[in-house]
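# Analysis of the macromolecular model
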Amino acid sequence: MDTESEARTTAWHEQMDAASQRFDDTEAQRDEVTRLRAVTESDVVDTKEQILARADRLLVTGEVPAQAVIELGRQDPVDSIRSLERVIGFANELQAANFLTRGARAAAAVARISLADNGREVPMGTGSMVSPQLLLTNNHVLPTRGAAESVVIEFRAEVGIDNVPNPTVRYRLAPDDFFVTDKHLDYTVVRVAPGPDGVAPGTTFGWNPLIAKPGKIVIGEAMNVVGHPSGRLKEISIRHNRLDLQLDDFLHYASDTEPGNSGSPVFNDQWEIVALHHAGVPKKDDQGRVLRKDGKLWQSGDGDDAIDWIANEGVRVSVLLHDLGSRQFDPAQRALLDELGLAAVAPREAATAPPVSRGPAAESLVRGLRGRSTAFGGRRSVLFLHGRGQQGRDPVELRRNWTAGLNKGLTLAGLSAIDPADVYFPFYGDQLVESMDTREAVGSGPALYESLVAEAAHRAGMPDPGDLPADPQAREAIGGFGAVVLGRLRDQLSWIAARSGLDSALIGAIFKDVAAYLDDERVRKSVLDTVLIDAPTEGELILVSHSLGTVVAMDLLTQLPRELNVRLLVTAGSPLGLDGVYRKLLTGGPSRPERVGEWLNTWYAGDPIAIGCPLRQAWGPDLRDLPVENPKERAHDIAEYLAHAAVAATIGHTLSA
């Protein structure tokens, strides 16, 4: 055991020396950053590509309110680098009210790693759950399978709100099931064995997803580190850390971290992991000798906490994920790795990456996401039900986008934002396409599709051929369409498109999928079964649906357990007002579900899929129709619907009731 401890110490000092060398080699780059900060009078300085990626991520995820972007854009064009730097600066200066709550969730997944030696436990580092079963730490903390077998993982090693230490929850590792390590990048990913109750630790304490996409941080932004410095109870170095330099594989930043923080996750202000902390850069004299905080030469007996640390280094998450994705795994290991989610797949690899499998119902299809059981007091659940065209997409990102739109609306309504991880997000996108492929193979007809398009075109004001004047010039004056082509499907779509601003191909695709779902019981059953797998089974439910998802939601209400009380149904951009749609529902017509407490239907007059709205005309007065104004080019966008204060307030007030 002493030999193993010495090996770990040696490995850590090797990482420190390598980090120190990289720090020395990049002095000119740091000087250039200092010069740019003086010229621009801004801490945020980075390459154009990094600035664009970062601003885009902040806007897409709703971290910067839309009104703030408008105000900032009045000073410079909204897409200029200077304006985007202001957007990033705004995100750094003012944190949402849920900043600390989200931070507490992120910190809950961080654990202390201790060496178990003859009844004694010696703290040696930090690890973080990055999936329900996988833990991320440093190679120099767990360099071998044998080392992993000799440690104990402790969650809740921290003081509670009353400043009294919590009782810890302990786990052992299972390196024979999954163990990957790399010395240069100084990372190890290892499976944590379930507890005595058979439950994976991530299910209890959560996990911090790894995100491969760029745009998580730029030079000058604040960083947050959660760990167990020198083996102490959990501590957080919050917002006093700043990214100073981005290298190909590593990040350099100023921070209050200590050696015991090896293996700690480094977060941005949105509590996304940007790096794995692994080494500090010590201050040295002219002869390259390490100095203590008091200016004297450091000796090995002084302890690492006596060193005068001038910078810290972390491994970039995107680089770590690229290395992890380049390796070969057996099916069981691949299944564990798949739990990282599609967000962990590097963009350049996403097109060829194997599909994520999260359950027995669909071995080759991406499954949905379940919300935290403790969310909203543990009594209420929020479920987002998406529409068509989502195949091949990442449910994690989709859920974030929905939540970002809702959080914009909640902010405008003066209500607290919610965390995406608290929301149920069943995902049937891949299943829909697969079941439709089977349907087409057996030759199911297009009659319902043509009927829906024709009805939508008629509701959009398209005249019937018999209603047109005989004179060709007069016909031409009516919308630019002649009687000889009015019956053709493509022209019906063109008529709808011309009055909505959306592409006719998109409109046709949406109606095609609605028709496929309604017209073939195999498709319907496949979709409903997929949704039910990741839906809550009891308590109170707020069901928010969009597009085809509103049709699925209406059928789903007949399938959900009676123990589930549907407090609120939200339908957005819905085709439920079309006669050809509601006649095909499981209820057999526009009969308002008795089990629904409140029903809010929101629609935009320029949304061609909501052409049958308002719904009260068909479904009766016992629902609330709320017309909104969406940008014409995003007439059918769910994030735009949810970003309206009145829509979000209905959801928010039901959550807090």
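Criteria and thresholds
- Residues numbered from 1 in each chain as written.
- Predicted model: local features only at pLDDT ≥ 70, side-chain atom pairs only at ≥ 80, totals over all residues.
- Heavy atoms only, no water.
- Axes fitted to C-alpha atoms, helices over the stretch in contact; angles between N-to-C directions.
- Helix = DSSP H or I, 4+ residues; strand = E, 2+ residues; numbered from the N terminus.
- Parallel < 35°, antiparallel > 145°, perpendicular 65-115°, else oblique.
- Contact = heavy atoms within 4.5 Å.
- Buried < 20%, exposed > 50% of the residue type's maximum accessible area, 1.4 Å probe, protein only.
- Core = buried A, V, L, I, M, F, W, Y, C linked by side-chain atoms within 4.5 Å.
- Phe/Tyr/Trp six-rings, centres within 6.5 Å; stacked < 30°, edge-to-face > 60°.
- Lys NZ or Arg CZ within 6 Å of the ring centre and 35° of its normal.

## What to know about the packing of helix α11 (residues 395–412) against helix α22 (residues 645–656)
With their axes 7 Å apart at the nearest point, α11 and α22 run at an angle of 90° to one another. Between α11 and α22, the crossing angle belongs to the class labelled roughly perpendicular. Of α22, the residues touching α11 (which contributes L406, G409, L410 and L412) are A645, A648, I651 and G652.

## Quick word on unusual backbone geometry
Unusually for a residue other than glycine, R156 sits at a positive phi of about 65°. Its place among the elements puts R156 in the loop between β4 (151–155) and β5 (169–171). Residue R156 is classed as partly exposed on the basis of its relative accessible area of 32%. Even without a glycine there, the phi angle at F376 is positive, about 55°. Counting through the fold element by element, F376 comes out in the loop between α10 (331–338) and β14 (380–385).

## What to know about the nonpolar core
Ranked by size, the top nonpolar core spans 75 residues in total, and within it L385, V552, L576, W599 and W619 carry the most contacts. Leave out the neighbours within four places in its chain, and W619 touches M554, L576, Y582, L585, G589, P590, S591, R592 and W599. W271, V315, L321 and L337 belong to the second-largest nonpolar core, a separate cluster that totals 31 residues.

## Points about the packing of aromatic side chains
Applying the stated rule across the entire model yields 10 aromatic pairs. Ring centres 6.5 Å apart and planes at 80° place the aromatic pair Y582 and W619 in the edge-to-face group. Pair noted here: Y582 is in helix α19 (residues 579–582) and W619 is in helix α20 (residues 616–619), with a separation of 37 residues, a long-range link. The same class applies to Y582 and to W619, which are both buried. Pairing W599 with W619 gives two aromatic rings, centres 5.4 Å apart and planes at 80°, and the pair type is edge-to-face. Highlighted residues: W599 in strand β18 (residues 596–603) and W619 in helix α20, separated in sequence by 20 residues. Take W599 and W619: they sit in the same class, and that class is buried. The side chain of R22 reaches across the aromatic face of F250, ending 3.8 Å from its centre. Lying over the aromatic face of Y517, R524 brings its terminal NZ or CZ to 5.3 Å of the ring centre.

Shape descriptors only; they carry no functional weight alone.
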